[in-house]
Amino acid sequence: MPKVVCFLLVLLLFLTLPAPAPATGNRPVDVWNFYHFDGIAFTPGPAVDGSAFLAVREKLLPVVLTAQTATIEQTVLPDGSGAIAGICYLQSSGGKLGGGSGYKAYPRLPVLISTEGKEFVTVQTDDHGFFVVVLPAGVYSVGGGPSITVERGIATLVPLRVGKRMVD
Amino acid sequence: MNSIHTRLLLVIVTLVFSQSVSAGPLDDYYLQQFGEAKSVQLQKAILSVSVDTQESARCGMPLKKGLRRDWDLLEASTQKVLAKQLAYPTLESESTFNSAAGHFKIHYASTGTDAPPPTDVSGVIGVPDWVETVAATFENVYTSYINMGYQPAPTVAAAPYDIYLLDLAPQKYYGVTTSDQFVSSTAVTSWMEIDNNFTDSIYNPTIYLPLQSLQITAAHEYHHAIQYGYNYYFDIWYAEATSTWIEDELYDGVNQLYNYIPAWFSNSTKSLDLAVGADAVSVGAGYGRWIFNRYLAEKYTPAMIRTAWEKLASLPSPGGGADIPMVPVLDSLLSSTYSSTLSDDFFGFTKRVYTRDWTNHAYDISKIHVYSPVATFSTYPVNSTVTLPHYAFAYYDFTTSGVTFLTIYINKTSGIKTAMFKNGSEITAETNGTSYVVSDFRPTDKVVLLIANTTNTDGHTANFSTDGTSTVVTEPTTSTTSASGGGGGCFIATAAYGSYLHPQVQQLRHFRDNYLLTNAAGRAFVALYYRCSPPLADFIAQHEFLRGVARLLLTPIVIAVVHPLASGATLLLAAIMLSRPLRRRYLERVVVGQVQY
């Protein structure tokens, strides 16, 4: 294979590698990091409106928090495992009188996690619409969505739109 | 074993046994209460359970509280079926009333703040008159839509459509329509909440009677329900534009929708498909765009709007939780069915914003807001430049200050169309549309220039002057960033796969928007691509063989985008395998060289 082609392929590889975005990207491994859902994606920092948010730390189980002052229980992820933490939400749009856009968390919703086309486990969202699941490293589909790669000791954050609300 | 032990064992066995069998009846109970029991076996079980269905229907809130309390005792399959019940509203002393033709089930509270007005002097005794009015209004809306050729909103097993009456005034909502269960790959059922009386001051009951607010809410929200049935992945701006437009088709006398137009016209430099966000009303997003549907309905027929939804219904899910951008769908429909383009019709619409030569709803034309100029010029010479996002427009006013003759020179990029008017009449452009001449310009004259970006590409620019001076304008190099998540471009991929909406094209677009455009090197690559690819894409699109070749060449790129790690590993492996013979050959050359020396 010509070197130019090899170079181009390597360049392509370099460009495509950042595709999965685990929550641990560019953050210290020995402190808890907080992420809240802003209606579109998980963004760094605790929620300022009092809604639940996630505490994430490498090699530990992600924790759903409802207050910044809450004590975080540390649970070590099993060897060879990672985690997926996410929220199921209804996308809210509109508002003839203003203020209808945002999201509404979907509590108590079963979320099917499959791998290689087969059901692996079903988890359930909590009262705040969040779910946390420990999985062996691998590739999974969450709620029938696109593939998500779970890496050892790392939590991947997944927002799942499970419906729309047309607010007027 | 003594008798105490025997009794203890008996109690334990009884408890264990009762626990093991209680899950079934509990599951059956809740499935029955929420109308989800479907199998013959379950129906038999239900018959054996003593349940006062009338009472249960009146106690929705305790039932849902019970469901929440007992949730963990239910089997996973039951939880899956009943999960949505926890999302439905809970009403105090809930009652239900089915509309006359049976298409709707109205859920209402008998007590508390959510209760509708209690007056009950006509119709069915025991059912508040307002509830009957709600039911009748929705039946009227249903019949109107069926007569217009729309398909009804889907429901599971053709059950009546659920409507909940709630006090929505504190949230400042008229109504909410929420998606529910998929009945096909793209069609979904839904349910609705509307205000319980529309008497709160936020609904302006002195201007719009509660019945009128109910009518337009029913028309608006039930069309959303229909939209969910056509394609769940609808573009929200167009959903709101259609639901608002159709309010006036069903209830012409209410006219609340005209209030949403000024916000768009005073923000006309924002795109047609501007995202419906928290500022939707203040910028005219979604709701204000209904007037564009009025234009399309006038030029073609109101059925054209329905065909747009039917066209959308034929499209697959774009994947990745995204919605289907409506702008390309409209363009495709206008091209394929109406011998037009979105470019031409958007430009026609922008002209009508000024000319106001609307034909339908003639008695309400005065309610359509006049155009809003971006700037007014009264001193000359003028030299100004405007850059517009996709499908946006700008008006400029010129007033005389002693000049009696005015020439406007235009220098523009390819996506810009312009028009000039004097006292309402369009002035023909001179020399290939590069200038307009206004003669006999008097103080009482009104001269107006329209500049519109009539493409789906952001950044088209126009420069205009009155003295012939010109500023250089350059063609946009970046791709469109549609408010609804879909962009333009990906020319070669679109040509290769034949559709902007093809899943592979969407994957590449997603990669471009989320990775390439996030860094300088990526942006430079994208800019280069958009400079070089259009002619090549045009050529490929015209040759089926080349389209096949292009698809073949794009396949590894798409795979790399979708599965970067797997692709990387494969490439690494290939590189290692290739490097061995190359290294061997290199070493052989070195060895040979050493020998020669």
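Residues numbered from 1 in each chain as written. Chains lettered and ligands numbered in written order. Predicted model: local features only at pLDDT ≥ 70, side-chain atom pairs only at ≥ 80, totals over all residues.

### Digging into the overall build of chain B
Broken down by element type, chain B carries 19 helices and 14 strands. Relative to its 597 residues, chain B shows a buried fraction of 40%. A sequence separation of at least 24 residues applies to 66% of the contacts in chain B between residues at least 6 apart. (Helix = DSSP H or I, 4+ residues; strand = E, 2+ residues; numbered from the N terminus. Buried ≥ 20, exposed ≤ 12 C-beta atoms within 10 Å, placed from the backbone. Contact = placed C-beta atoms within 7 Å.)

### As for the overall build of chain A
Helix and strand counts for chain A come out as one helix and twelve strands. Helices and strands in chain A line up, N terminus first, as α-β-β-β-β-β-β-β-β-β-β-β-β. Residue burial in chain A is summarised as follows: out of 168 residues, 38% are buried. Sequence-distant contacts, at least 24 apart, represent 51% of the contacts inside chain A between residues at least 6 apart.

### So, the sheet that holds strand β2 (residues 42-44) of chain A
In sheet architecture, strand pairing relies on hydrogen bonds along the backbone and comes in two forms, parallel and antiparallel. Residue and element names in this part refer to chain A. With antiparallel pairing, the four strands of this open sheet are ordered in space as β2-β1-β3-β4. On the outer flanks of this sheet lie β2 and β4 (63-65), each paired with one strand and no other. Here the average twist between neighbouring strands, direction ignored, is 35 degrees. Across three bridges, strand β1 (residues 33-37) lies against strand β3 (residues 53-56) in antiparallel orientation. Note on β3: the bridge partner recorded for F34 is A55. (Pairing = 2+ DSSP bridges. Axes fitted to C-alpha atoms, helices over the stretch in contact; angles between N-to-C directions.)

### What about helix α13 (residues 326-337) of chain B?
Owing to its 3.6 residues per turn, the α-helix brings residues three or four apart onto one side. All names here are of chain B. Between the first and last C-alpha of α13 there are 16 Å, a value that for twelve residues agrees with the 16 Å anticipated at 1.5 Å per step. Within α13 the residues assigned to the buried category are M326, V327, P328, V329, L330, D331, L333 and L334. If you follow the buried residues of α13, they end up packed against α8 (236-250), α12 (303-313) and α14 (342-355). Directly beyond the C-terminal end of α13, a positive phi value near 50 degrees is found at S339. (Expected span 1.5 Å × (residues − 1).)

### Some points on the sheet that holds strand β12 (residues 435-438) of chain B
All names here are of chain B. Spatially, the four strands line up as an open sheet ordered β7-β14-β9-β12, and their pairing is antiparallel. Edge positions in the sheet fall to β7 (383-388) and β12, since each has one partner strand and no second. Each strand of the sheet is rotated relative to its neighbour by a mean of 15 degrees, with strand direction disregarded. Direction of pairing for strand β9 (residues 406-412) relative to strand β14 (residues 460-465): antiparallel, over a ladder of four bridges. The residue of β14 that forms the bridge with N411 is N463.

### Re unusual backbone geometry
Residue and element names in this part refer to chain B. Between Y380 and P381 the backbone carries a cis peptide bond, its omega angle lying at 10 degrees. Mapped onto the fold, P381 is located in the loop between β6 (375-377) and β7. Here K172, not a glycine, exhibits a phi torsion of approximately 60 degrees, which is positive. Counting through the fold element by element, K172 comes out in the loop between β3 (161-166) and β4 (175-182). Although it is not a glycine, H361 sits at a positive phi angle of roughly 50 degrees. Here H361 shows up in the loop between α14 and β6.

### Description of α8(B)
With 15 residues, α8(B) should cover 21 Å at 1.5 Å per step; its first-to-last C-alpha distance of 21 Å lies within 8% of that length. Within α8(B), 13 of the 15 residues are buried, leaving the element largely enclosed by the surrounding structure.

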